[in-house]
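Structural characterization, general
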Amino acid sequence: MDQPSLTGSQKTFLRGLGQTREPALMVGRAGLTSEFYRELARLIETQELVKLRFVGWDRHQRARLMEEIEREGRCLCVGSVGHTALFYREQPDPEKRKLVLVH
């Protein structure tokens with residue numbers, strides 16, 4: 001991972017923001033395709049915080065998918081509830097940042 005881990009309070013802040021968001025991306029039976037990762041990269045680049053919905057996966061499968069998304073998508077899972085999960089990656093360009101985390 002090319003970014004530092006987040007503190008508990010930073011994750012709590014991001015989860016609070018995520019409660020009002022609709023899932024921006026779905027993970028269906030096709031799984032984690034190259035198209036999925038392209039769209040995730042685009043969303044993370046522009047929004048920094050992305051809510052995903054897993055459709056048709058049990059909890060163990062979702063846990064494995066979330067680990068893979070963190071690794072391959074170079075982002076952090078800041079929380080998950082049921083079939084949804086929030087992923088975050090700080091925008092490297094301070095001018096383009098939408099979210100400001102207190103360190």
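Residues numbered from 1 in each chain as written. Predicted model: local features only at pLDDT ≥ 70, side-chain atom pairs only at ≥ 80, totals over all residues. Heavy atoms only, no water.

**Some points on the environment of Val 55**
Turning to its location among the elements, Val 55 is positioned in the loop between β2 (49-54) and α3 (59-73). In this structure, the C-alpha to C-alpha distance between Val 55 and Val 27, residues 28 residues apart in sequence, is 6.0 Å. Setting aside residues up to four positions removed in sequence, Val 55 forms contacts with Met 26, Val 27, Gly 28 and Arg 29. (Helix = DSSP H or I, 4+ residues; strand = E, 2+ residues; numbered from the N terminus. Contact = heavy atoms within 4.5 Å.)

**So, the pairing of strand β3 (residues 76-81)**
One ladder, built from five bridges, connects β3 with strand β4 (residues 84-88); its direction is antiparallel. Looking at β4, one finds that Gly 79 is bridged to Leu 86. Taken together, β3 and the strand that follows it, β4, pair antiparallel across an intervening segment of two residues, in which Gly 82 is found at a positive phi of about 60°. (Pairing = 2+ DSSP bridges.)

**What to know about the pairing of β4**
Counting buried positions over the five residues of β4 gives five, a clear majority of the element. Side chains of β4 alternate between two faces, with Thr 84, Leu 86 and Tyr 88 and Ala 85 and Phe 87 buried alike. Of the strand pairs in this sheet, β2 and β4 are connected by five bridges, and their pairing is antiparallel. Paired with Val 50 across the bridge in β4 is Phe 87. (Buried < 20%, exposed > 50% of the residue type's maximum accessible area, 1.4 Å probe, protein only.)

Geometric descriptors of this kind do not, in isolation, establish any biological role.
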